[in-house]
Every structure is written in C-alpha cells, then in structure tokens.
Amino acid sequence: MPLARSLSVTSLSGLEEWDEEFDREDAVLFEIAWEVANKVGGIYTVIQTKARLTCEEWGENYFLVGPYMESSVRTQVELIEPCNATLRRTIDKMNSSGCKVYFGRWLIEGSPYVILLDVGFTAWSLDRWKSELWENCSIGVPWFDREANDAVLFGFLTAWLLGEVCTQCDEPPHIVAHFHEWLAGLGLVLCRQRQLPVATIFTTHATLLGRYLCAGNVDFYNKLAEFNVDKEAGDRQIYHRYCLERAAARCAHVFTTVSQITAIEAEHLLKRKPDIVTPNGLNVKKFSAMHEFQNLHAQSKARIQEFVRGHFYGHLDFNLDKTVFLFIAGRYEFSNKGADIFLEALARLNYLLRVNHSEVTIIAFFIMPARTNNFNVETLKGQAVRKQLWDTAQTVKERFGKKLYESLLVGQLPDVSKMLDKEDFTMMKRAIFATQRQCLPPICSHNMLEDSSDPILNCIRRIGLFNSAQDRVKVIFHPEFLSSTSPLLPMDYEEFVRGCHLGVFPSYYEPWGYTPAECTVMGIPSISTNLSGFGCFMEEHIADPSAYGIYILDRRYRGVDESCNQLTSFLFQFCQQSRRQRIIQRNRTERLSDLLDWRYLGRSKSLRISDSSRKLSQTRCKYLLTFIIIIFFYIIQATGFRYPRPASVPPSPAHSLHSSPHHSEAEDEEEPYDEDLEAEKDRVNIRQPFNLPNRNKNHTVGLPEKN
C-alpha cells in the first residue's frame, strides 16, 4: 500500500528540532543537479539564471553540487580552496577516502560556489553501491545503462558529501538540500534512508515516463489516469530509472514541479501531487535607450540575411525585405517538440501563399542537434561565393570612387561611360557566372549520418518543400547548436533569436518551455501550446495573449489535423502583417518580459508555498517551508505586482520610422498607436498575480500561527 502523501511531506525523520529563534545565517543550502557547470539541457538555464539572486539571498551559505566534467571546468570554473572550515574538513576527508572532490567558483552571474564530484574516479565502487541500493531500496540498475550508472555514482557521492558535512559540523546543522531531476534524485533517497538531518526538496522538470510515452505517439493527456506505469516503464526498458525518480518524489519532504500541466502528469505517473508549482524564470535585461532591442533585431536580422544570400545563391529570386524568418529550436524530439506539425503547417502555408500570389517569402530554420560528420560542401560553397561577390563589389567600388575623386579634383563632372573600364566589366561578369547553380539550395546545412531515416528530412521529402523557385516557403535544417565561431552561421543563439521574426514551438510535450520564454524576453513573438507550461502560464496571466505576440495553439482539445489548421492560420495571419505592424507587436511582446523575471516570479511562488505551509502544522515542517520560501522565491520589497511599462517606449507614428536602422517601405495603411491606450490595455489584459504587503527581508511569509 503506498505511503500517504501527507506523511511524505510532514515526516522529517532525522531532523533535529529547529528553534523558533534560530539565525538564518546558520542555515546552509546545497542545490544538487547533474547540470551544474555542465550544459546538457534546460535545467542548466534554470540554475544559471537564478544563481545571482540565490547568492544575494544566501551569501556564503549557498553551494551548488554537480559532476566534475573536465572540459566544462576548464572554461567555466575557477578552482579555489574552500572558504568554509567545515567544508574544508569534509572535502579533505572524502579525498583521503578515495574520492576526488573539487571546490571553486562558477564563472557566471553571482559567481556561486560549486562542489564538483568526480564520478569517474569512484567507478570502482559502482558494484558495491549497486548492491547496497538493491538491499536497501530494492532498485536494480543494469550494467549497460551508462546514464543510470552515473546517477548511482553521483547519488552515493552526494549523500556521502551531505553526511560528512553533518558529521564535521561543530553544532547541529540546519541544512536544506534541493535536488533537480532523477539523475540527482538518488542522493535524496539515501539521505532519507540514512536519516541524515537534512531537509530535502525534489523538483522534477519533466517526468521520464511522460517524455517516453509522448514520443511513442500515444494519446497521453487523455489517458493519463489509465496507464499501468510499471508496465509502461518496463516495456521501454527504463523501469530502473523510473523507480529512482519515483522514489525521490515520494521521499522528498517537499515535492515541486515547474508547471500545472506537469503537476497533473506527476500526480498520475509518480503517484504524488506536487506541493508547489514553481514556474521557471529568466534574468530580464531592460534597455535604457529607446528602441534598443528593436535595433538589435535589425542588426541580427541583417546577419541572417547575409547567410541567406549565400545559402540561396543562384536562386535568390525573392525580396529579402519581404522575407519572414521563422525558427524552431530545442532537443531533437520530432513529435514531442512539434516539428512534425510545424512541417505540415509549412506545407499548407506554402499552398496558401502561392494561391494568394503573396510577395512574402518564409524561411523556416530548424535548429535541432543531430548526428552529423561535417558541414555540407554545397552550403560552405554558397558562403564562399557570397564573400567573393562582396569582395568583387568592394574592388569595383574602390576603383569607381578613385576615378570619381580624381575627376572632381580637376573641377570636371565625371563621364559615367568611362567610370567603369573593360576590366571592371570582365571582373563583374566572372562574378555573376560564378553564381550559376545546377542544383537547388540545400535543405540541410550538414552531412547527416542517418540521412535516409532522419524524421525531419523524410517529412520534407513527403511534403515536397525542396526550396524550389515556385515555393514561397523555404526550409533550412541546421542540425547543430549555433555558435559565434561557426564558419557557416557565426551567431550565438541569442543573436539568432533576436534576428528572427517568429519562434514556432508547437510542442506536444513541454513541461515548461524556455525557448518561447527567451523569445518573449527578447521581444520576439512566438507560438506555444496549451500543453506547455509556458503556454498555460501565459493564458493564466494574460486575457488575450495573441494581442501581445504570444499565440497559444490548442493541442489538448483538438485533433492533430485541427491543430495543424490552426497553426497554419496563425502563420498566415503573421505573414500578412506589415513591417510596421510587426514592430508594434514586438513592442507589445517585450512588455511581457517582467512576467518571466525571477524577481517577479518570486511573488507567485512565495504565495503558493505559504498556502501549502498553512496545511502543515508541525513545527519542523513550518520551518522547513520557511527555508524553501527563501530558496526559490526572492521577495521584492514593494506593494503588489505593478506591471511596468517597458523601458523601450512603444513607437508612435512620428517616431517609429526612425527607431530602426532602415526606413519602412510604403505600407498600405498607418496603424494608429496610442501609448496611453496600450498601457490601459495592459492593465485590463495582464492579470496581476498577487498583492503582497510590504515585508522586510527577515520576515517569514504565510506561516501559520503556533497552536
């Protein structure tokens, strides 16, 4: 019979009584994750972005714990001696017992302390620890699952570290340990099994079984309550991983997740309802100069246009000023991330644009890492041809300018027919002939190792989007993460996003969704779904998200074909916008950035956790919840939540033409834009999350009165 959830939350076995008068400076927070100084996925972004605020709140008592990855440590971590005497004794003791533990500062905002555990160095203990895991928890881990083996090593090392810290403390410690995801979860299970005096929190950012089920094309959300979770996990050969994740969720004193949609999923698959939903945030940079983010968009767009000129050389029969850049990015999960429905919608959009004789061209980028062996030769050649054309134009321009200068010096108007000689014309003709191409522009920028079985390429072959002259929709598949050092598209991801017009993320499985959130913070409109945490969050806080450039696709209550038609409609409507309308929409999107700032999300989280704390009357749990408030939620000393106007003031008809580097082309109509009217719309449409009274820094939030 499963343990009741209330016991999981309130039973703090092994914890000493925490006096009501204890000093918060005596408390220590350890945040444990596989992605500390180790970029793998979205959890890296979560930890990295909130590190500065956590350091401000906890100071010298905040430590991140992660695996030692030499390639990352060389560039991201400054190794130093531990500043804390207890930690110094702990690390020395572990190193002398056959471990390798490193201490340093992670070179990100806030410069938090990191403790890095070398799992490879202690691999000799793997069999012994697996036996202990089986004897104490009845969880068996197969030898061939390398990721699960790493989780076992990391979990035992983490529990060893926390246990040693408790032993080395001179006084009874006040320790809070926050574990992220199943890869770190075994450490939490061992802390409870060994009854360490540590208050534990477990956050799941996505469930293992949920991700696998959605990738298998099942009707996931309508059948959540019907799944035989043990059988489903066993059929997919992840039962041991599922057991580790479920054990961590059930053993944690407090269990959290990142969105309401994931909370429903966790309740059915992990058999425990999360105590708190804690949406993920970002560090929002507000611009002091007017329209600075619009100018950044124009600059980045110009760099993307240069790449497009090279990629489509010989077939550049469309107007780049009337070209709209769309993109999708993330893990290469063809169905989960919605790449399948996006491609189908692009095919339908292509038909609509052609039958309506639209002058707009769409270029859709797919930024999803896949197995490749090198850049595509044809793609590299395109960039070389573009550079050669540019060099030729510059040479001719210099010669022309020199002759013009000499003519003006002697007081004569130049004879235009003599400004360009035969050599100049020969040079230009050779450059033009070099742009001739016998094949269509490539779809993929790299050579794929599994070209014949690649889902995106196979879908493109089926729908027939081959970048032909007749197609109004072009596709570029870039199966590698973007980098400023790339010889092909030398842009960081942030620069690339700023240069695009619309991010498209029609995900079927997206527990939170950092990609649309990053678009919003940069003032770029995006398409999300009501099955993503981000989409649900925006629907909760904004009366009409589409008015602010956040299009929410219904994938929960509509069939695939209906959802595809809705996505096609969104894309077609966006294509019909004038350049001026897109500028206004980007300003509206940028207004929402504060909703996603860690500073403002803290209020939502603090109120939710105080609601949970009212249900927990035991003294120990009350103070555990007080700590958790401090961990996640950074209370701003202000009254209520006032949604501010963006620092980049929305353009008025008198200013918008001069707010970007290039003047707009002639538009069919001038859309009126009244700033006061827009601010009033914000007050009506954007729901204020919470109104909190003023609080000083040391005041606890929402704790029940002592009985």
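- As recorded in an unreviewed UniProt entry, the protein goes by Glycogen [starch] synthase and comes from Cyprinus carpio.
- The heading Pathway (unreviewed entry) in the UniProt record of the protein holds the text "Glycan biosynthesis; glycogen biosynthesis."

**Topic: helix H6 (residues 146-168)**
- For H6, with 23 residues, the first-to-last C-alpha span of 33 Å sits near the 33 Å given by 1.5 Å per residue.
- When you tally the buried positions in H6, you get 18 out of 23 residues, the bulk of the element.
- Sitting at the head of H6, Asp 145 places a side-chain oxygen 3.3 Å from the backbone nitrogen of Glu 147.

**Let's talk about unusual backbone geometry**
- Its identity as a non-glycine residue notwithstanding, Gln 195 has a phi of 55 degrees, on the positive side.
- Structurally, Gln 195 is set in the loop between helix H7 (181-193) and strand S7 (198-204).

**Brief notes about the pattern of salt bridges**
- This structure, assessed with the given rule, holds 33 salt bridges.
- Linking Glu 378 and Arg 437 is a salt bridge whose minimum nitrogen-to-oxygen distance equals 3.0 Å. Placement of Glu 378 in helix H14 (residues 377-409) and of Arg 437 in the loop between helix H16 (422-434) and strand S13 (446-448) is noted, with a sequence separation of 59 residues between them.
- Exposure remark for Arg 437: the relative accessible area of 11% places this residue in the buried category.

**Some remarks on the packing of H6 against H7**
- Between H6 and H7, the shortest axis-to-axis distance is 7 Å and the interhelical angle comes to 40 degrees. The angle between the axes of H6 and H7 places the two elements in the oblique class. Crossing of H6 over H7 shows right-handed handedness. On the side of H6, the interface is formed by Glu 147, Ala 148, Ala 151, Val 152, Phe 154, Gly 155, Phe 156, Thr 158, Ala 159 and Leu 162, while H7 contributes Trp 182, Leu 183, Ala 184, Leu 186, Gly 187, Leu 190 and Cys 191.
- A per-class count over the contact of H6 with H7 returns 13 nonpolar, three polar and one charged.

**Some details on the nonpolar core**
- Within the largest apolar cluster, 74 residues are counted, with the highest numbers of intra-cluster contacts made by Phe 30, Ile 115, Phe 179 and Phe 220.
- Here the element with the most residues in this core is H6; it accounts for 12 residues.
- Ignoring anything within four residues of it in the chain, the contact list for Ile 115 reads Phe 30, Phe 63, Leu 64, Val 65, Gly 66, Leu 87, Val 101, Tyr 102, Phe 103 and Leu 161.

**What about a nonpolar patch on the surface?**
- Taken together, the side chains of Tyr 405, Leu 409 and Val 410 present a nonpolar region at the surface, about 350 Å² in accessible area.
- Its place among the elements puts Val 410 in the loop between H14 and helix H15 (416-419).
- The class of Val 410 is exposed, set by a relative accessible area of 58%.

**Some points on helix H19 (residues 514-521)**
- For H19, the buried fraction is high: eight of the eight residues fall into the buried class.
- Inspection of H19 places Tyr 514, Thr 515, Pro 516, Ala 517, Glu 518, Cys 519, Thr 520 and Val 521 among the buried residues, and these make up the whole buried set.

**Observations concerning the pairing of strand S5 (residues 113-117)**
- Among the five residues that make up S5, five are buried, leaving the element largely enclosed by the rest of the structure.
- Burial of the side chains of S5 extends over both faces: Tyr 113, Ile 115 and Leu 117 are buried on one face and Val 114 and Leu 116 on the other.
- Inspection of the sheet shows strand S2 (residues 62-67) paired to S5 by five bridges, in the parallel sense. For Val 65, the partnering residue across the bridge sits in S5 and is Ile 115.
- Bridge analysis of strand S4 (residues 101-106) against S5 gives five bridges, and the strand direction is antiparallel. Looking across to S5, one finds that Tyr 102 is bridged to Leu 116.
- Between the end of S4 and the start of S5, which pair antiparallel, lie six residues, with Gly 110 showing a positive phi angle near 95 degrees.

**Things to note about the packing of aromatic side chains**
- Scanning the entire structure with this criterion turns up 27 aromatic pairs.
- Relative to Tyr 113, the ring of Phe 63 has its centre 5.7 Å away and its plane inclined at 20 degrees; by these criteria the two rings are stacked. Of this pair, Phe 63 sits in strand S2 while Tyr 113 sits in strand S5, and the two are 50 residues apart along the sequence.
- When its relative accessible area of 2% is taken as the criterion, Phe 63 is described as buried.
- A relative accessible area of 6% places Tyr 113 in the buried class.
- Seen in terms of ring centroids, Trp 512 and Phe 534 are 6.3 Å apart; in terms of plane orientation they differ by 80 degrees. Their pairing is edge-to-face. One end of the pair, Trp 512, is in the loop between strand S15 (502-504) and H19; the other, Phe 534, is in helix H20 (residues 533-541), with 22 residues separating them in the sequence.
- Residue class for Phe 534 comes out buried when judged on its relative accessible area of 0%.
- An aromatic cluster is present here, built from Phe 307, Phe 325, Phe 327, Phe 365, Tyr 493, Phe 496 and Phe 505 joined pairwise through their rings.

**As for the sheet that holds strand S1 (residues 27-32)**
- The strand order S3-S4-S5-S2-S1-S6-S7-S8-S9 describes an open sheet built from nine strands, whose pairing is mixed. The open sheet is flanked by strand S3 (77-79) and strand S9 (276-277), the only strands paired with a single partner.
- Strand direction decides the pairing type here: S3 and S4, joined by three bridges, are antiparallel. Opposite Glu 78, over in S4, you have Arg 105 as the bridge partner.
- Each of S1, S2, S5, strand S6 (174-180) and S7 is contacted by H6, which is oriented at about 170 degrees to S6, the strand it contacts most.

**Focus: the side chain of Asp 471**
- Looking at where Asp 471 falls in the secondary structure, it is placed in the loop between helix H17 (455-463) and strand S14 (473-478).
- Residue contacts for Asp 471: discarding those within four places in its chain leaves Asn 350, Arg 354, Gly 464, Leu 465 and Phe 466.

**Quick look at the side chain of Thr 435**
- Looking at the element boundaries, Thr 435 is found in the loop between H16 and S13.
- Residue classification places Thr 435 among the buried residues on the basis of a relative accessible area of 17%.
- Looking at Thr 435, its side chain comes within polar contact range of the main-chain oxygen of Ile 432, at 2.5 Å.
- Ignoring sequence-local partners within four residues, the contact set of Thr 435 consists of Tyr 313, Gly 314, Val 385 and Leu 389.

**Considerations on the sheet that holds strand S11 (residues 361-367)**
- One open sheet holds the six strands; their spatial order is S14-S11-S10-S15-S16-S17, and the pairing between them is parallel. In this open sheet, the two edge strands, each paired with only one partner strand, are S14 and strand S17 (550-553). Pairs of neighbouring strands in the sheet enclose a mean axial angle of 25 degrees, with direction left out of account.
- In this structure, strand S16 (residues 526-529) lies alongside S17, joined through four bridges in parallel fashion. Within S17, the position partnered with Thr 529 by the bridge is Leu 553.
- Across the sheet, H19 is in contact with strand S10 (323-329), S15, S16 and S17; its angle to S16 comes to roughly 145 degrees.

Procedures and definitions
Residues numbered from 1 in each chain as written. Predicted model: local features only at pLDDT ≥ 70, side-chain atom pairs only at ≥ 80, totals over all residues. Heavy atoms only, no water. UniProt positions renumbered as here; feature names shortened; annotations may be inferred. Helix = DSSP H or I, 4+ residues; strand = E, 2+ residues; numbered from the N terminus. Expected span 1.5 Å × (residues − 1). Buried < 20%, exposed > 50% of the residue type's maximum accessible area, 1.4 Å probe, protein only. Polar contact = N/O pair within 3.5 Å; in protein donor to acceptor, adjacent residues only side chain to side chain. Salt bridge = Lys/Arg side-chain N within 4 Å of Asp/Glu carboxyl O. Axes fitted to C-alpha atoms, helices over the stretch in contact; angles between N-to-C directions. Parallel < 35°, antiparallel > 145°, perpendicular 65-115°, else oblique. Left-handed = near helix turned anticlockwise from the far one by under 90°. Contact = heavy atoms within 4.5 Å. Nonpolar A, V, L, I, M, F, W, Y, C, P; charged D, E, K, R; others polar. Core = buried A, V, L, I, M, F, W, Y, C linked by side-chain atoms within 4.5 Å. Patch = residues over 30% accessible without salt bridge, like charges linked within 9 Å, V, L, I, M, F, W, Y side chains within 5 Å. Areas by Shrake-Rupley, 256 points an atom, 1.4 Å probe, with all protein chains shown as cover. Pairing = 2+ DSSP bridges. Phe/Tyr/Trp six-rings, centres within 6.5 Å; stacked < 30°, edge-to-face > 60°.

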